[in-house]
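Coordinates in review
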Amino acid sequence: MADTARDPPPDRTDFHEVEDGEDLFPEPSAAPESQPASLSAVDISTNSNGPKEDSFFDDDNEDLFAEATEEVSLDSPERDVLLSDGPSPAITPITPPTSVITPRIGHQHDDMFTHSSFDEMEEEEGGDSFDINISVSDPEKIGDGMNAYMAYKVTTKTSMSLFKQRDFSVKRRFSDFLGLHGKLASKYLHIGYIVPPAPEKSIVGMTKVKVGKEDQSSNEFVEKRRSALERYLMRTVKHPILLKDPDVLQFLESTELPRAVNTQALSSAGILRMVNKAADAVNKMTIKMNESDAWFEEKQQHFENLDVQLKKLHASVESLVCHRKELSVNTAQFAKSAAMLGNSEDHTALSRALSQLAEVEEKIDQLHQDQANADLYLFSELLGDYVRLISAVKGVFDQRMKTWQKWQDSQMLLQKKREAEAKLQFTNKPDKLQQAKDEIKELEGKVQQGERDFEQISKTIRREVSRFEKERVKDFKMIIVKYLESLVQTQQQLIKYWEAFLPEAKAIS
């Protein structure tokens, strides 16, 4: 990495300046329970991004940051990632092969686990061709009043050896989907994997469904949610690592699923999530990372720009949907008025032409409704999904920044301990010198682990972004083609209607 100056965060309270005569190593009350493995000391400087050790990565001796010459701040907007507030008893532990090390859940361990097993799993994924289709159907209201909820039928059809059957179905409620995302995010987000976000909660929309009668707005809300849940599951199982996660397999196959907890928007857990997000936003403003990799600098700027443009286009398409719905209503009113005028007209040919005009306008009204639905379910929903997906991508960049910050904190603390050790040697205090050496040795291990974690999450993010970009292009191509086909079909049908009516208009005499 290129050497770049870095000021420590102003609000850190993990350590403080060593004053003359201050004792950083008080008399230990008991001997340490275990001694860390001996690690060779490395040259640490606050003016660099950390120590260099070629032996850490035997499979990649190339320095990813060698060509960087510029600095960039990694400040980014707040990510809306649904994370559980602690290890949930509903989380199914991973039981991988011997070579696989289970990812940590939450923050139970300071050091990241070895990621080589995930790389192997991704390579093995190519051996079992992706043949799986998941549909979410038959939304059913269960219960009455505010205790009511919607249950959905999740049907999986596959020939993959991961599953016990080829065709199976289960019933799931919306909170189960949120619970699944929370489990996956707690396992994989902090190590750089892009976890597709679950559909957003809508208190207003669901309240109407719970207490209100079935109407057009309620039915539209249920259909939008059903479609969003289906897309969420398909994006999740398309990820080669998430597909093999025990919680995903349990979600798709198990008839009985443990109740998801801490998913309510207005619960104490929901309020705590909002407080934590606000705290994260403050931390991002105070933590500055000296970026030394031009690729990450370029990609972060790319996703920032993409996020802005997608939100603008999404707002425009939603406005178009509203316009087509309004056009449909006005067309229906026009058809009704034309029919009434035709009934009151004494001129036979004119009366017949007005009546047929009303019939044509009724057909056109239906076309406008169908096109509005195509605008919504084909185009608008895709854009909304990718606005949330871009936030998930930016979230893994934030995790990389946190990993880097943790590494830097260990380096700075190690430097302070070394300074204190030098003072102990100068003042000839052998009783405390051994404790100082032990603590330094432990911190050296943390520094080296921090560098490995940072290098590994950087490698994972590169791979994840490449996969994400390929999927994004495929999704947009498929949806844009379908959307254009719907537009062409609508216009062709309009022409047929008007061509059929034209002779009748010309026959008026």
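In this report, the structure presented in the accompanying data block is examined. Predicted, not measured: the structure shown is a model, and the values here were computed from it. (Residues numbered from 1 in each chain as written. Predicted model: local features only at pLDDT ≥ 70, side-chain atom pairs only at ≥ 80, totals over all residues. Heavy atoms only, no water.)

**A few points about the pattern of salt bridges**
The full count for this structure, using the stated rule, is 23 salt bridges. Asp307 is paired through a salt bridge with Lys394; the nearest N and O atoms lie 3.0 Å apart. With Asp307 in helix α7 (residues 294-344) and Lys394 in helix α8 (residues 348-427), this residue pair connects regions lying 87 residues apart in the sequence. Comparing Asp307 with Lys394 shows no difference in burial state: the two are buried. (Salt bridge = Lys/Arg side-chain N within 4 Å of Asp/Glu carboxyl O. Helix = DSSP H or I, 4+ residues; strand = E, 2+ residues; numbered from the N terminus. Buried < 20%, exposed > 50% of the residue type's maximum accessible area, 1.4 Å probe, protein only.)

**Section: the packing of α7 against α8**
α8 packs onto α7 with a crossing angle of 165° between their chain directions and a minimal axis gap of 7 Å. The angle between α7 and α8 falls in the class roughly antiparallel. Of the two possible hands of crossing, α7 and α8 adopt the one that is left-handed. The class makeup of the residues in the contact of α7 with α8 is 28 nonpolar, 12 polar and 13 charged. (Axes fitted to C-alpha atoms, helices over the stretch in contact; angles between N-to-C directions. Parallel < 35°, antiparallel > 145°, perpendicular 65-115°, else oblique. Left-handed = near helix turned anticlockwise from the far one by under 90°. Nonpolar A, V, L, I, M, F, W, Y, C, P; charged D, E, K, R; others polar.)

**Here we look at the packing of helix α2 (residues 174-188) against helix α5 (residues 246-253)**
The relative placement of two packed helices is expressed as an angle between their axes plus a distance between the axes. It is the contact of α2 with α5, at a shortest axis distance of 10 Å, that shows an interaxial angle of 165°. Compared by their axis directions, α2 and α5 come out roughly antiparallel. Every pair of crossing elements has a handedness; the one defined by α2 and α5 is left-handed. Here Asp176, Phe177, Leu180, Lys183, Leu184 and Lys187 of α2 come into contact with α5, specifically with Asp247, Val248 and Phe251. Here the residues of the contact of α2 with α5 sort into five nonpolar, no polar and four charged. (Contact = heavy atoms within 4.5 Å.)

**A few points about the nonpolar core**
Residues Ile134, Val154, Phe163, Tyr188, Leu233, Val237 and Leu252 are the most contacted members of the largest nonpolar core, which totals 37 residues. Of all elements in the fold, only β1 (132-142), β2 (149-158), β3 (167-173), α2, α3 (203-211), α4 (216-237) and α5 reach the threshold of two or more residues within this core. If near-sequence neighbours (up to four positions away) are discounted, Leu252 is found in contact with Ile134, Val154, Thr156, Phe163, Phe168, Val170 and Val237. With 25 residues, the next largest nonpolar core counts Phe379, Val465, Phe476 and Tyr483 among its residues. (Core = buried A, V, L, I, M, F, W, Y, C linked by side-chain atoms within 4.5 Å.)

**Observations regarding the pairing of β1**
By the bridge criterion, nine bridges tie β1 to β2 in an arrangement that is antiparallel. What sits directly across from Ser135, in β2, is Thr155. Where β1 folds back onto β2 in an antiparallel hairpin, the turn is made up of six residues, including Gly143, whose phi is positive at roughly 90°. (Pairing = 2+ DSSP bridges.)

**A few points about the side chain of Glu381**
Positionally, Glu381 belongs in helix α8. Sequence-distant contacts of Glu381, that is, excluding residues within four places in its chain, are made with Lys224, Arg231 and Leu376.

**Here we look at unusual backbone geometry**
In this structure, Asp138 is a non-glycine residue whose phi angle is positive, near 50°. Mapped onto the elements, Asp138 comes out in strand β1.

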